[in-house]
Amino acid sequence: MLRIGPSGNSDTFFRTGRKHTYEAPAWLQEIGLNAFEYSFGRGNFMGDATAEKIRVEAAAHDVEISAHAPYFTNFANEDPAMIEKSFRWTSNTILAVKKMGGERAVVHPGACGKDERSDAFRRLLGNLERLARYLDDSGFADYKVCLETLGKKRQLGTVEEVLAMCKLHPCFYPCFDFGHINSYTGGALKGYDDYKRIVDLCLHELGQEKTAHMHVHFSKIEYGSSGEIRHLTFAGDPGFGPDYEPLAKVIDEYRLEPFIICESSGTMSDDALIMKKYHQNV
């Protein structure tokens, strides 16, 4: 099943008078969405009682939950203590999403720092292999760790890099953030063929299962010479893009069933509904 929903609670959600995330699943079902991503961007503590409320409501209203690990994970860091923190942030996010009834954790892979890209990437791959063993040993191997394409030039997370990461373990799935891809490449996502090339490459490198059930982030993003600057809204985009309609066409033609999260700035649920309209069978 193709799932579409917001990252976090939108301005529209709060305008309805709702205040708590456990109220989101019922509202999302009411408006026609069926996915929700909980962001632990600045840290990932969640009490068991809160997680249980979200789990019960999500199950009752057919809303699948994913979670985003803290933004400062960096598996290319030279400092062993910081790598251990990235392991802990990732495992804590998986544990939280497990308690919420989900099975997907989105993770930022890392950044180059002062190193050459090739050296930083080699170190990142080695640490992700360690992460895979750690997840196996911790009983988390059945969960999907979605490694995200990133939008800034000194970050590690091009399409090709993420595909290489995802070959390391069955639990590593790609999170294609198409706004990030567009920002990193200076606006290269122009239409159907550009999205199709990414999907075809994923099929070639990772196979049907990981392609069909990939994680997707989508928003229009302002970018500059160093890549991503800030997330925009669909209505407020002055032309940076990318456009969602051709991506929806590729997803439908290939009969993919991704988990699609809208990351617009404040209008996540509104723009997710626009995205849904481009699909034929949802």
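Read on for an overview of the structure. The numbering scheme is per chain: residues are counted from 1 as the chain's sequence reads. Local features in a predicted model are, by the rule used here, given only for residues with pLDDT of at least 70; side-chain atom pairs are given and counted only at 80 or more, and totals for whole chains, interfaces and linings are based on all residues. Note that the side-chain values use all heavy atoms of the structure and ignore hydrogens as well as water.

### Considerations on the sheet that holds strand S1 (residues 3–6)
In this description, strands pair whenever DSSP reports at least two bridges between them. Going along the chain from the N terminus, every DSSP run of H or I of four or more residues is numbered as a helix, and every run of E of two or more is numbered as a strand. An order of S1-S12-S9-S8-S6-S4-S3-S2 is seen for the eight strands of this open sheet, with the pairing classed as parallel. Only two strands of the sheet have a single neighbouring strand rather than two, namely S1 and strand S2 (35–39). Put simply, the sheet's adjacent strands are angled 25° from each other on average, direction ignored. Pairing between S1 and strand S12 (residues 259–262): four bridges, direction parallel. Across the sheet, the residue bridging to isoleucine 4 is isoleucine 260, located in S12. Orientation is described by lines fitted to C-alpha atoms, with helices fitted over the stretch in contact, and by angles between N-to-C directions that extend from 0 to 180 degrees.

### So, the layout of surface pockets
Taken as a whole, the largest pocket encloses approximately 450 Å³ of empty space. Cavities and pockets were defined on a 1 Å grid built from protein atoms only: a cavity is a group of points that admits a 1.4 Å probe but offers it no way out, a pocket is an open group of points flanked by protein on both sides within 12 Å along at least five of seven lines, and a lining residue is one with an atom within 4 Å of any such point. Along the walls of the largest pocket sit 22 residues, with Tyr71, His108, Gln155, His180 and Glu228 positioned nearest its centre. At the level of elements, strand S5 (110–111) and strand S11 (227–231) are the ones that each hand at least two residues to the lining of the largest pocket. Among the elements that make up the lining of the largest pocket, the one with the highest residue count is S11 (four residues). Residues are grouped as follows: Ala, Val, Leu, Ile, Met, Phe, Trp, Tyr, Cys and Pro are nonpolar; Asp, Glu, Lys and Arg are charged; all remaining types, including Gly, are polar. Considered class by class, the residues forming the lining of the largest pocket number five nonpolar, ten polar and seven charged. Grid points are joined across faces, edges and corners, and a volume is the space filled by probe spheres set on the points. Approximately 250 Å³ is the volume found for the second largest pocket. Forming the boundary of the second largest pocket are 15 residues, of which Val159, Glu160, Ile181, Thr185 and Ile198 lie nearest the centre. Listing elements by their share of the lining of the second largest pocket, those giving two or more residues are helix H6 (159–166), helix H7 (178–184) and helix H8 (192–206). Take the lining of the second largest pocket: its biggest share by element is four residues, from H8. Residues that form the lining of the second largest pocket fall into these classes: eight nonpolar, four polar and three charged.

### Some remarks on the nonpolar core
To define a nonpolar core, start from buried Ala, Val, Leu, Ile, Met, Phe, Trp, Tyr and Cys residues and group those joined through side-chain atoms within 4.5 Å. Buried means the residue's accessible area, taken with a 1.4 Å probe over protein chains only, is under 20% of the maximum for its type, while exposed means over 50%, and partly exposed covers the values in between. The biggest cluster of nonpolar side chains holds 71 residues, and the ones touching the most others in it are Phe172, Phe176 and Phe178. Ranked by residue count, the leading element in this core is helix H5 (residues 117–138), at seven residues. In this view, phenylalanine 172 contacts Leu128, Leu131, Ala132, Leu135, Val145, Leu147, Met165, Cys166 and Lys210; residues no more than four positions away in its chain are not counted. By the convention used here, residues are in contact when the closest approach between their heavy atoms is within 4.5 Å.

### Regarding H8
Multiplying 1.5 Å by the residue count of a helix minus one yields the expected span of that helix. Between its first and last C-alpha, H8 extends 21 Å over 15 residues, near the 21 Å set by a 1.5 Å rise per residue. The complete set of buried residues in H8 reads Asp194, Tyr195, Ile198, Val199, Cys202 and Leu206. Viewed end-on, H8 has its buried residues packed into an arc of 135°, placing them on one side of the element. Counted as exposed and oriented over 90 degrees from the buried face of H8: Arg197 and His204. Looking one or two places after H8, you find glycine 207, whose phi comes out positive at around 90°. The directions considered for the arc are those from the helix axis to the C-beta atoms.

### Notes on helix H2 (residues 24–31)
Listed in full, the buried residues belonging to H2 are Ala24, Pro25, Trp27 and Leu28. The arc that holds the buried residues of H2, viewed along the axis, is 165°, so those residues lie on one side. Buried positions along H2 lie against S1, helix H1 (11–15), S2, helix H3 (48–60) and helix H11 (268–277). In the stretch just after H2, glycine 32 is the one whose phi turns positive, near 105°.

### Comments concerning unusual backbone geometry
Here glycine 241 and proline 242 are connected by a cis peptide whose omega angle stands at 5°. Relative to the helices and strands, proline 242 is located in the loop between S11 and helix H10 (245–253). If you check the backbone angles, aspartate 62 has positive phi at about 55° while not being a glycine. Position of aspartate 62 among the secondary structure elements: in the loop between H3 and strand S3 (64–68). Unlike most non-glycine residues, arginine 255 shows phi in positive territory, near 55°. With respect to the helices and strands, arginine 255 occurs in the loop between H10 and S12.

### Digging into the pairing of strand S8 (residues 172–177)
Of all six residues making up S8, six are buried, and the element is well covered by its neighbours. Pairing analysis gives four bridges linking strand S6 (residues 144–148) to S8, with the strands arranged parallel. Bridge pairing in S8 links cysteine 146 to tyrosine 173.

### Notes on the packing of H8 against H10
Running from N to C, H8 and H10 point in directions that differ by 45°, and their axes come no closer than 8 Å. As the angle between them shows, H8 and H10 are arranged oblique. Relative to H10, H8 is oriented so that their crossing is right-handed. Mapping the contact onto sequence places Tyr192, Tyr195, Lys196 and Val199 in H8 and Pro246, Leu247, Lys249, Val250 and Glu253 in H10. The class makeup of the residues in the contact of H8 with H10 is six nonpolar, no polar and three charged. Should an angle lie under 35 degrees it is considered roughly parallel, over 145 roughly antiparallel, and from 65 to 115 roughly perpendicular; all remaining angles are considered oblique. Helix crossings fall into two classes, left-handed where the near helix is turned counterclockwise from the far one by less than a right angle and right-handed where it is turned clockwise.

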